[in-house]
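Structural features, examined
Single-letter residue listing:
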Amino acid sequence: MAIDPKGRKSPGYDRHMFICGHERPTGSARPSCKNRGSLELLPRIKQAIRDEGLPSIRVQKSGCLDFCENGIACVVYPEGTWYTLSNDMDITSIIQHLKDGTVSTDNLMKLESE
Ligand code: FES
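Here we summarise the structure given alongside this text. Because the structure is predicted, anything quoted here is derived from the model rather than measured.

Quick notes on the sheet that holds strand E4 (residues 81-84)
With respect to topology, four strands assemble into an open sheet ordered E2-E1-E3-E4, the strand pairing being mixed. What marks the edges here is a single partner per strand, and that holds for strand E2 (57-62) and E4. Shown here is a sheet whose adjacent strand axes are inclined to one another by a mean of 20°, direction ignored. In the sheet, strand E1 (residues 15-20) pairs with strand E3 (residues 73-77) via four bridges, with the strands oriented antiparallel. The residue bridging isoleucine 19 from the neighbouring strand is cysteine 74, located in E3. Running at roughly 170° to E2, helix H1 (residues 38-52) makes contact with E1 and E2 of the sheet. Helix H2 (residues 92-100) contacts E1, E2, E3 and E4 of the sheet and is inclined by roughly 145° relative to E1.

Okay, here's the thing in structure tokens:
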């Protein structure tokens, strides 16, 4: 068994956030989150987590989460909460979710039904 260099005793995180960083070329049938600024938003959230000193929060870029029309697509586990984010948004409530699990109701992903 390997010794964890960060002193962790078990794998996993208190919360794990995935933000879609997928990019499609101009003219594609579906939009893509990178073109909406997801990779500018991602470092803002990562920096906020560092600033808060939260060691067991992992925020990372994902591939396409297949909710492209509702992007910037984001999901947070273990709650399994899906968000639609924007690159210029106030991230305070998202950081709060990562801290204590409080869902940011204003940013929940909502799908339109036909
Ligand atoms: S491109 Fe982001 S969810 Fe598909």
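Moving on from the coordinates now.
What about the environment of serine 86?
Mapped onto the secondary structure, serine 86 falls in the loop between E4 and H2. Using a relative accessible area of 30% as the deciding quantity, one classes serine 86 as partly exposed. Apart from residues no more than four positions distant in its own chain, serine 86 is found in contact with Leu41 and Ile72.

Thresholds applied
- Residues numbered from 1 in each chain as written.
- Predicted model: local features only at pLDDT ≥ 70, side-chain atom pairs only at ≥ 80, totals over all residues.
- Heavy atoms only, no water.
- Pairing = 2+ DSSP bridges.
- Helix = DSSP H or I, 4+ residues; strand = E, 2+ residues; numbered from the N terminus.
- Axes fitted to C-alpha atoms, helices over the stretch in contact; angles between N-to-C directions.
- Contact = heavy atoms within 4.5 Å.
- Buried < 20%, exposed > 50% of the residue type's maximum accessible area, 1.4 Å probe, protein only.

Everything listed here is a matter of coordinates, which is why it stays silent on function.
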